[in-house]
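Analysis of the macromolecular model
Here is how the chains run, residue by residue.
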Amino acid sequence: MKALVINSGSSSLKFQLLDMDNESVLASGLVERIGDAEGNIKCTFHPDTEKESVVKKTLPIPTHTVAGQMVVDLLTDKEHGVLADKSEVGVIGHRVVHGGENFSKTTLLNDAAIAALEDTVPLAPLHNTANLDGIRIAQELFPGVPQVGVFDTAFHQTLPPHAFRYAIPKDLYEKDRIRRYGFHGTSHKYVVGECAKLCGIDVDKINAITVHLGNGGSITAVENGKSVDTSMGFTPLQGLVMGTRSGDIDPSVHAFLARNHQMSCDEIDNMLNKESGLKGLCGLNDMRDIHAAIEKGDKDAELALAVQTYRTKKYIGAYMAVLGRVDAIVFTAGIGENDDIVREMSLAGLENFGIILDTKINAQRVKTPTLLSTPESKVQIWCIPTNEELAIAREAVALVSK
Ligand code: ADP
C-alpha cells in the first residue's frame, strides 16, 4: 500500500509518499511561503537511492489548495513515475499537533472526528487550523481515500492526573482544559518502540527516558511502554531550553514584564517563543553555530550550551526518580542524534546512577541506531534516529488494515 503523509503548517505543506510494502520513500518534499509573493516547492524523488532526482520551483503559491494540487501534479508527473494515478494512494496520514483530551490514539478522520478536532482549535489555534486545512484539501484531492489523524499529544494521554494537572484553581482545568498535554509524542513513541526491539525487551515492559532534542525539545518518562510524564506542557513552550523557546520559567516573570515593561500578552508570548532559549542567551539558535562560536571564545555561547545541557540533565534525574528502574535513555532528533558534546554534558556525573557513556563511541557520528553506553552501564544509552513520517505512515496503514 502507498501512504501519503501530510504535515500542513500555517504557510507550509510538508509531504512524503511511502511504499509501505517495503517502507521505502518514493518522494519527499516541502512547499514553503504559501501566500507570499513568491513561494517555493521542492520535491526529492527516491531520496538516498541511485535514482534520486530533485525538482525545485519558485513561483507564487497563493493558497494551500494550490499547493496541494501542485503536490499531486508532481507525484503523478510521468517523468518521475512514482504514481501512475493519484488513486494509487491507499491512505493519507496527517500530522496533527494537538488532539486535546479528545484523541488518545491514531484516529480515522470521519465527520465526527473532524468535528471533535475542530473543538481542539482553541488549544492550538495556529497549528490545528493549518492541520484542518490540510485535511480538508486532502479530502477534496483524494476523494474516498481514508484520512487518518496522528496526534503529537496522543502518546502522552496516558499521563496520570498527578503528572498532568497544574496546581491552579480546578475550574481552569475543568472549564478551560488547562493541563499538561505534552508534544512530540509520535517521535517519543517511535524511538521507544525501536529501542525496545534493540534491547530485546517487550515494548509494554520497557522503562525508558526519551530525549528529543531538535529545534524544539522534549523529554519523556516511559513506564511499561507508556508515557507517564513529559517536559512540554499546555503548549510546547514548557520544559527544556530550545532553539528560540525559553522552556521552564517562573510564571511571575510575565507579570513583571507586563508591569515594568508594559509588554502585552502577545509581546511576552512572542518573546518567550521566538526570542528566548539558546537564541536569547547567546544570539544563536543552531547548536552547530554555538559550537563554532565557543571555539572562537564566545562566553555567551558557552553559557547557552551549559544552561541547555544542565536543564536536560535535571529532567533526566527527575525522570529516574519518577521511574525507579530505567532500562534505557534514548537520544533523538537533530541535536540528540548528531551532537556528542550535548549528549556527554547532559549525562556528565550520572555514573553513580548507573549511567555510563562510552565517550569514544559517543564521539563517532553515525546515522544508524547505536548503543553509546559501556558494558558496565546499568542503563543502556542509545542514539536512535527518529522518523516521524514513517511512524505516521505505519500508524495510518495499521489503522486501515484492521
Ligand atoms: P525540528 O525540531 O525542526 O524537526 P531537527 O530535529 O531537524 O528540528 O533539529 C534541528 C536542529 O538540530 C538544528 O537547529 C541544529 O541545532 C541541530 N543540529 C542539526 N545537525 C546538527 C549537528 N550535526 N550537530 C549539532 N546540532 C545539529
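See the structure shown above.
Keep in mind the model is a prediction, meaning the values are calculated, not measured. (Residues numbered from 1 in each chain as written. Predicted model: local features only at pLDDT ≥ 70, side-chain atom pairs only at ≥ 80, totals over all residues. Heavy atoms only, no water.)

Observations regarding the sheet that holds strand S11 (residues 226–230)
Put simply, the test is: The rule for pairing is simple: two strands pair if DSSP sees at least two bridges between them. Secondary structure follows DSSP: runs of H or I at least 4 residues long count as helices, runs of E at least 2 residues long count as strands, and numbering of each begins at the N terminus.
Taken together, the six strands give an open sheet; going across it, the order is S11-S10-S9-S12-S14-S13, and neighbouring strands pair in mixed fashion. Pairing within the sheet leaves two strands with one partner each, and these edge strands are S11 and strand S13 (370–371). For strand S12 (residues 328–332) and strand S14 (residues 380–383), the ladder comprises four bridges, and the chain directions are parallel. The residue of S14 that forms the bridge with Ala328 is Gln380.

A few points about helix H6 (residues 185–199)
What sets the pattern is the α-helix's 3.6 residues per turn: residues three or four places apart point alike. Stated formally: Here the expected span of a helix is defined as 1.5 Å times the quantity of residues minus one. The rule is simple: take the accessible area with a 1.4 Å probe, protein chains only, and divide by the maximum for that residue type; under 20% is buried, over 50% is exposed, in between is partly exposed. For this analysis, residues touch if any pair of their heavy atoms sits within 4.5 Å.
Along its 15 residues, H6 runs 21 Å from first to last C-alpha, staying within 8% of the 21 Å computed at 1.5 Å per residue. The buried fraction of H6 amounts to 12 of the 15 residues, a majority that puts the element mostly inside the structure. When we look at burial in H6, the residues that qualify are Gly185, Thr186, Ser187, His188, Tyr190, Val191, Val192, Gly193, Glu194, Cys195, Ala196 and Cys199. In this fold, the buried residues of H6 make contact with strand S8 (147–151), strand S9 (208–213), strand S10 (217–223), S12, S14 and helix H15 (388–401). Downstream of H6 by a residue or two, Gly200 has a phi angle that is positive, lying close to 70°.

Considerations on the site of the ligand
As a reminder of what qualifies: A single heavy atom is enough: if one lies within 4 Å of a molecule or strand, its residue is considered near that molecule or strand. Side-chain atoms alone can form a polar contact between residues adjacent in sequence; in general such a contact is a pair of N or O atoms within 3.5 Å, and within protein one must be able to donate a hydrogen while the other accepts it. Note that accessible areas follow from Shrake-Rupley with a 1.4 Å probe, and for residues the cover is restricted to the protein chains shown. Three classes are used, and their members are as follows: Ala, Val, Leu, Ile, Met, Phe, Trp, Tyr, Cys and Pro are nonpolar, Asp, Glu, Lys and Arg are charged, and the others, Gly among them, are polar.
The full set of residues close to the ligand is Gly214, Asn215, Gly216, Asp286, Met287, Arg288, Ala333, Gly334, Ile335, Asn338 and Asp339. Between the ligand and Asp286 there is a distance of 3.4 Å, counted from an oxygen atom to a side-chain nitrogen or oxygen. In this structure, a nitrogen atom belonging to the ligand sits 3.4 Å away from a side-chain N or O atom of Arg288. Its free accessible area being 580 Å², the ligand has 70% of it covered by the protein chains. Contributions of two or more residues to the shell around the ligand are made by helix H10 (287–295) and helix H12 (333–338). Among the elements that take part in the shell around the ligand, H12 stands out by supplying four residues, more than any other. Residues belonging to the shell around the ligand are distributed by class as follows: three nonpolar, five polar and three charged.

Some remarks on the packing of aromatic side chains
For clarity, the threshold we go by: The criterion for an aromatic pair is that two Phe, Tyr or Trp rings (for Trp, the six-membered ring) have centres within 6.5 Å, with stacked assigned to planes under 30 degrees apart, edge-to-face to planes over 60 apart and tilted to the rest. We count a charge as sitting over a ring when the NZ of a lysine or the CZ of an arginine lies within 6 Å of the ring centre and within 35 degrees of the ring normal.
Applying the stated criterion to the full structure yields four aromatic pairs. A ring pair is formed by Phe164 and Tyr173, whose centres lie 5.8 Å apart and whose planes are at 50°; its orientation type is tilted. Note on accessibility: Phe164 and Tyr173 belong to one class, buried. Where Tyr315 meets Tyr319, the ring centres are 5.8 Å apart and the plane angle is 65°; that geometry is what we call edge-to-face. Placement of both Tyr315 and Tyr319 in helix H11 (residues 299–323) is noted, with a separation of four residues, approximately one turn of the helix. Note on Tyr319: relative accessible area 3%, which makes it buried. If you follow Lys86 out to its NZ or CZ, it ends over the ring of Phe142, 6.0 Å from the centre. The side chain of Arg179 reaches across the aromatic face of Phe164, ending 3.6 Å from its centre.

Topic: the pattern of salt bridges
Definition in use: The rule for a salt bridge is simple: a side-chain nitrogen of Lys or Arg has to be within 4 Å of a carboxyl oxygen of Asp or Glu.
A full pass over the atoms with the stated rule returns 17 salt bridges. Note that Glu194 is salt-bridged to Arg394, the shortest N-O span being 3.4 Å. In this pair, Glu194 sits in helix H6 while Arg394 sits in helix H15, placing the two residues 200 residues apart along the sequence. We classify Arg394 as partly exposed; its relative accessible area is 28%. The salt bridge partner of Lys205 is Asp202, with a shortest N-O separation of 3.6 Å. Exposure remark for Asp202: the relative accessible area of 47% places this residue in the partly exposed category. Overlapping salt bridges bring together Glu23, Glu194, Lys197 and Arg394 as one network.

Some points on the pairing of S8
Here S8 lies mainly inside the structure; five of its five residues are buried. With burial as the criterion, each face of S8 is covered, one bearing Gln147, Gly149 and Phe151 and the other bearing Val148 and Val150. Pairing of strand S6 (residues 89–96) with S8 involves five bridges; the strand directions are parallel. Within S8, the position partnered with Val96 by the bridge is Phe151.

Comments concerning the nonpolar core
A general tendency of soluble globular proteins is for nonpolar side chains to be buried together. Operational definition: For this analysis, a nonpolar core means a set of buried residues of the types Ala, Val, Leu, Ile, Met, Phe, Trp, Tyr and Cys, connected via side-chain atoms within 4.5 Å.
Ile209, Ile219, Ile316, Ile329, Leu347 and Ile355 are the most contacted members of the largest nonpolar core, which has 34 residues in total. Beyond its immediate chain neighbours, meaning those up to four positions away, Ile219 contacts His188, Ile209, Thr210, Val211, Asp229, Thr230, Ser231, Leu240, Thr312, Tyr315, Ile316 and Tyr319. Judged by nonpolar contacts, the second largest core, of 29 residues, contains Ile41, Phe45, Ile61 and Leu74.

Comments concerning the packing of helix H7 (residues 252–261) against helix H8 (residues 265–274)
Our working rule: Lines fitted to C-alpha atoms define the axes here, with helix axes fitted over just the stretch in contact, and angles between the N-to-C directions of these axes take values from 0 to 180 degrees. An angle counts as roughly parallel when it lies under 35 degrees, as roughly antiparallel when it exceeds 145, as roughly perpendicular when it falls between 65 and 115, and as oblique in every other case. Less than a right angle of anticlockwise turn of the near helix away from the far helix marks a crossing as left-handed, whereas a clockwise turn marks it as right-handed.
As a packed pair, H7 and H8 sit with axes 10 Å apart at the nearest point and diverge in direction by 130°. Taken together, the axes of H7 and H8 lie oblique to each other. Every pair of crossing elements has a handedness; the one defined by H7 and H8 is right-handed. On H8, the residues touching His254, Leu257 and Ala258 of H7 are Ile268, Met271 and Leu272. Partitioning the contact of H7 with H8 into residue classes produces five nonpolar, one polar and no charged.

Details of the pairing of S10
Across the seven residues of S10, six count as buried, placing the element largely inside the fold. Note: S9 against S10, six bridges, orientation antiparallel. Paired with Val211 across the bridge in S10 is Ile219. Counted along the chain from S9 to the antiparallel partner S10, the turn is three residues long.

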